[in-house]
Amino acid sequence: MESESLHLNCDYVASSGHILSCEQKAALQTSLIILQNENKFYRVYFWGKILGVKDNYFIAQGVYKDEFAGRKTFYSKDCIHWGLLPHATQEMKTKSKLAKGRFTGDPAYEFEHVETKKIGEGEEATEEEETTIIKEEDRLSSVVAEIDEDVRIVPRGAFIQVPTAEVVKNRSFEGLSVQEAAKLCNYMHFREAKRLDLKTLLQRANMDKAIDFMDSIEDDIPRGAWTLQFERGSGLLVLRSLSWPGYVFYHVPATQKYGSIYFGTGEKNMDLPFML
């Protein structure tokens, strides 16, 4: 959700219970502008809030002109002071999955994962405990990156890939019609395309490469991982993720208004395939 119109766009996701107090809106409106100016970002997004046991994390992301490259993630506990999260490496993501349960709200907190390994064979076999330390700050960065990878979406045509391979906002995008907004194939994962199966490659061969350079959510696994709902008649489209409960995307048909936000505990619904 773009920080410039945060106080207005919050109303679009209020039906999902995602609300901010007047004090939080006012603090975010000011602090995010300062964050943008200090870091010379092209645009700043309010990403959402991760709920902790003792305290909550407010998350923001700053981007440069190419929105696929150089995205930086920040966290705050008071909506005023922001700290830079480390870049989530593959090793960090793997280790973070070992930490179970809710976030505590303390970035310096360390989770301990103890794993028992068997050494040797037969009667001479011994057991040895191996302890892995996961810092909450690293886990927070990994979870934000994983949510972006799995469910961050944009309407088809909202971004284009220019000849220099940069991904920028499409100034000609005028929004999806009500009929188009009702189809999952018109929403794209905001990341580099990953699906390389024959069906997808054949489909892309007949599409506009400047627009169709991302994966559609229509073929997401498991089927039924998204719920689509119109509100205010057909004046507002809301998509909710069942894989990451708390992620909500909104779009006002026939306008340039769209965005997404996450309010949740940072825990993925691993039981979803059995619930559908």
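Along each chain, residues carry numbers from 1 onward, in the same order as the chain's sequence is written. In keeping with the predicted nature of the model, local features appear solely for residues at pLDDT of at least 70, side-chain atom pairs appear and are counted solely at 80 or more, and the whole-chain, interface and lining totals rest on all residues. By convention in this description, side-chain values take in all heavy atoms of the structure and omit both hydrogens and water.

- Identification of the chain as Radial spoke head protein 9 homolog from Lymnaea stagnalis is taken from an unreviewed UniProt entry.

**Quick notes on the overall build of the chain**
Stage number 1. Labels follow the DSSP assignment, with helices taken as runs of H or I lasting at least four residues and strands as runs of E lasting at least two, numbered in each case from the N terminus. When helices and strands are tallied, the chain shows 7 helices and 14 strands.
Stage number 2. For the radius of gyration, the atoms used are the C-alpha atoms, and the globule rule reads 2.2 Å times the number of residues raised to 0.38. Computed over its C-alpha atoms, the radius of gyration of the chain comes to 20 Å, within 12% of the 19 Å expected for a compact globule of 276 residues.
Stage number 3. Referenced to the eigenvectors of the C-alpha coordinate spread, the extents of the chain come out at roughly 70 × 50 × 40 Å.
Stage number 4. Three exposure classes are used, based on accessible area relative to the maximum for each residue type with a 1.4 Å probe and protein chains only: buried under 20%, partly exposed in between, and exposed over 50%. Counting the 276 residues in the chain, one finds 45% classified as buried.
Stage number 5. A separation threshold of at least 6 residues defines the contact pool for the chain, and within that pool the share at least 24 residues apart is 58%.
Stage number 6. The protein chains shown are the only cover counted for residues, whose accessible areas, like all others here, come from Shrake-Rupley with a 1.4 Å probe. Roughly 14900 Å² of accessible area belongs to the chain as shown, and the carbon and sulfur atoms make up 52% of that amount. Here, residues are in contact when the closest pair of their heavy atoms is within 4.5 Å.

**Quick look at the pattern of salt bridges**
Stage number 1. Salt bridge criterion: a side-chain nitrogen from Lys or Arg within 4 Å of a carboxyl oxygen from Asp or Glu. If you walk through the whole model with that rule in mind, you get 11 salt bridges.
Stage number 2. Residues E2 and K169 are paired through a salt bridge, measuring 2.3 Å at the closest nitrogen-oxygen approach. Of this pair, E2 sits in the segment before α1 (6-9) while K169 is found in strand β9 (residues 167-169), placing the two residues 167 residues apart along the sequence.
Stage number 3. Between R43 and E67 there is a salt bridge, and its shortest N-O distance comes to 2.5 Å. Within this pair, whereas R43 is found in strand β1 (residues 43-50), its partner E67 is found in the loop between β2 (57-63) and β3 (72-76), the two being separated by 24 residues in sequence. The residues R43 and E67 share a single accessibility class, namely buried.

**A word on the nonpolar core**
Stage number 1. Core analysis: the largest hydrophobic core is formed by 38 residues, its most contacted members being I50, F159 and Y187.
Stage number 2. Elements with a contribution of two residues or more to this core: β1, β2, α4 (136-151), β7 (153-155), β10 (187-189), β12 (236-241), β13 (247-251) and β14 (258-264).
Stage number 3. Residue contributions to this core peak at 5 residues, all from α4.
Stage number 4. Excluding its chain neighbours within four sequence positions, the residues that come into contact with Y187 are I153, V154, P155, R156, L176, A181, D215, S216, I217, L237, L239 and F249.
Stage number 5. C10, L32, A60 and V238 belong to the second-largest nonpolar core, a separate cluster that totals 25 residues. For our purposes a nonpolar core is just a set of buried Ala, Val, Leu, Ile, Met, Phe, Trp, Tyr and Cys residues, chained together by side-chain atoms within 4.5 Å.

**Focus on α4**
Stage number 1. Here, expected helix span is obtained from the residue count minus one, scaled by 1.5 Å. In this model, α4 (16 residues) spans 22 Å end to end at C-alpha, consistent with the 22 Å of a helix rising 1.5 Å per residue.
Stage number 2. Restricting attention to buried positions, one finds in α4 the residues E136, E137, R139, L140, S141, S142, V143, V144, I147, D148 and V151.

**Digging into the environment of R191**
Stage number 1. The topology assignment puts R191 in the loop between β10 and α6 (198-205).
Stage number 2. Taking the C-alpha atoms as reference points, R191 and V167, 24 residues apart in sequence, are found 10.0 Å from one another.
Stage number 3. Other than its neighbours up to four places away in sequence, R191 contacts F68, E149, M214 and D215.

**Some thoughts on the sheet that holds β12**
Stage number 1. Think of it this way: DSSP has to see at least two bridges between two strands before they count as a pair. Across the sheet, which stays open at both edges, the 8 strands sit in the order β4-β3-β2-β1-β14-β13-β12-β11 with mixed pairing between neighbours. The open sheet has two edge strands with one neighbour each: β4 (83-84) and β11 (226-231).
Stage number 2. Sheet topology places β12 next to β13; 4 bridges connect them, and they run antiparallel. Across the sheet, the residue bridging to V238 is Y250, located in β13.

**Things to note about the side chain of S243**
Stage number 1. Tracing the chain through its elements places S243 in the loop between β12 and β13.
Stage number 2. Assessed through its relative accessible area of 13%, S243 is described here as buried.

**Some points on the packing of aromatic side chains**
Stage number 1. Stacked, tilted and edge-to-face pairs are distinguished by plane angle, under 30 degrees for stacked and over 60 for edge-to-face with tilted covering the rest, among Phe, Tyr and Trp rings (Trp via its six-membered ring) whose centres lie within 6.5 Å. Scanning all chains against the criterion turns up 13 aromatic pairs.
Stage number 2. With centroids separated by 5.9 Å and ring planes inclined at 75°, the aromatic side chains of F41 and F74 adopt a geometry described as edge-to-face. Residue F41 is located in the loop between α2 (22-39) and β1, and its partner F74 is located in strand β3; the two are separated by 33 residues in the primary sequence.
Stage number 3. Each ring, one from Y187 and one from F249, has its centre 5.6 Å from the other, and the planes form 70°; the classification is edge-to-face. Here Y187 is found in strand β10, whereas its partner F249 is found in strand β13, with 62 residues between them in sequence.
Stage number 4. Of the residues examined, Y187 reaches a relative accessible area of 0% and is grouped as buried.
Stage number 5. One aromatic cluster in this structure is built from F68, F159, F190 and F213.
Stage number 6. Against the face of F103 rests R139, its NZ or CZ located 4.3 Å from the ring centre.
Stage number 7. The lysine or arginine in question, R152, covers the ring of Y45, its NZ or CZ lying 5.3 Å from the ring centre. Consider the ring centre and the ring normal. A charge sits over the ring if Lys NZ or Arg CZ is within 6 Å of that centre and within 35 degrees of that normal.

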